[in-house]
Amino acid sequence: MNQEQIKEIIPHREPFLLIDEIVEMEEGRRVVAIKHIKEDDFWFKGHFPNHPVTPGVLMLEMLAQAGACAMLSLPENKGKIGFFGGVKDAKFRRQVVPGDELRLEVEIIKIKGPVGIGKGIATVNGEKAVSAEISFAIK
């Protein structure tokens, strides 16, 4: 799935659409997305000059957007929005810099009504960069 197809599922748009493609998806259960980290990504201008590092909070947002694609692709959620409910046990293990390809994997581990929990892991070349449990509400 490319960005145009992703835009049919989630409402995010540039500059805040933070995933480039979806390579695997089981609707409502699991997703694998890719973000190509580019030198001209908007956050590098100020984070940090002469030492560009992708902010951890944006990597959490990337995981959330990937998870939202899995949940909002379900027919009953079409046209809805996924909102962050919380982040638990976030761990940042490596810097993510221009030229990296960030692989974003989210597994939906619990759903109760419009609220759910996803387990997210982002890696670069198989090396864990970020992991967290993210909760969401669909409205």
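For the structure itself, look to the data block above.
Reading guide: rules and limits
Residues numbered from 1 in each chain as written. Predicted model: local features only at pLDDT ≥ 70, side-chain atom pairs only at ≥ 80, totals over all residues. Heavy atoms only, no water. Helix = DSSP H or I, 4+ residues; strand = E, 2+ residues; numbered from the N terminus. Rg over C-alpha atoms; globule rule 2.2 N^0.38 Å. Buried < 20%, exposed > 50% of the residue type's maximum accessible area, 1.4 Å probe, protein only. Contact = heavy atoms within 4.5 Å. Core = buried A, V, L, I, M, F, W, Y, C linked by side-chain atoms within 4.5 Å. Phe/Tyr/Trp six-rings, centres within 6.5 Å; stacked < 30°, edge-to-face > 60°. Pairing = 2+ DSSP bridges. Axes fitted to C-alpha atoms, helices over the stretch in contact; angles between N-to-C directions. Salt bridge = Lys/Arg side-chain N within 4 Å of Asp/Glu carboxyl O.

Undergrad: In this structure, what is going on with the overall build of the protein? I would like to understand it.
TA: On a plain count of helices and strands, the protein comes out with two helices and six strands. Reading the protein from its N terminus to its C terminus gives the helix and strand order α-β-β-α-β-β-β-β. By the compact-globule yardstick of 14 Å for 139 residues, the protein fits well, its C-alpha radius of gyration being 14 Å. Taken over 139 residues, the protein has a buried fraction of 45%. Residue pairs at least 24 apart in sequence account for 59% of intrachain contacts in the protein once pairs closer than 6 positions are excluded.

Undergrad: Can you help me understand the nonpolar core in this one?
TA: Side chains of a nonpolar character, in soluble globular proteins, are inclined to be buried together. Membership of the largest hydrophobic core comes to 38 residues, with the highest contact counts inside it found for Ile10, Met62, Leu102 and Leu104. Elements that contribute at least two residues to this core include exactly strand S2 (30-36), helix H2 (56-72), strand S4 (101-112), strand S5 (115-124) and strand S6 (127-138). Top element by residues in this core is H2. It accounts for 12 residues. For methionine 62, the contacting residues outside a window of four places in its chain are Leu18, Ile19, Lys35, Ile37, Trp43, Thr54, Leu102 and Leu104.

Undergrad: Mind showing me how you'd approach the packing of aromatic side chains here?
TA: Summed over the entire model, instances satisfying the criterion amount to two aromatic pairs. Site record: aromatic cluster; members linked through ring pairs are Phe42, Trp43 and Phe44.

Undergrad: How should I be thinking about the sheet that holds strand S1 (residues 21-26) in this particular structure?
TA: Backbone-to-backbone hydrogen bonds pair the strands of a sheet. The strands run either parallel or antiparallel. Judged by pairing direction, the sheet is antiparallel, and its six strands sit side by side in the order S1-S2-S4-S5-S6-S3 without closing on themselves. Among the strands making up the open sheet, the edge pair consists of S1 and strand S3 (82-92). Put simply, the sheet's adjacent strands are angled 20° from each other on average, direction ignored.

Undergrad: For this particular structure, what's the right way to read the pattern of salt bridges?
TA: Side-chain pairs of opposite charge can arise where the charged atoms are in close proximity. In the structure shown here, the tally under the stated rule is 10 salt bridges. Between lysine 7 and glutamate 14 there is a salt bridge, and its shortest N-O distance comes to 3.2 Å. In this structure, lysine 35 engages aspartate 41 in a salt bridge whose closest nitrogen and oxygen atoms are separated by 3.7 Å. Using a relative accessible area of 4% as the deciding quantity, one classes lysine 35 as buried. Looking at aspartate 41, the relative accessible area reads 8%, which means it is buried.

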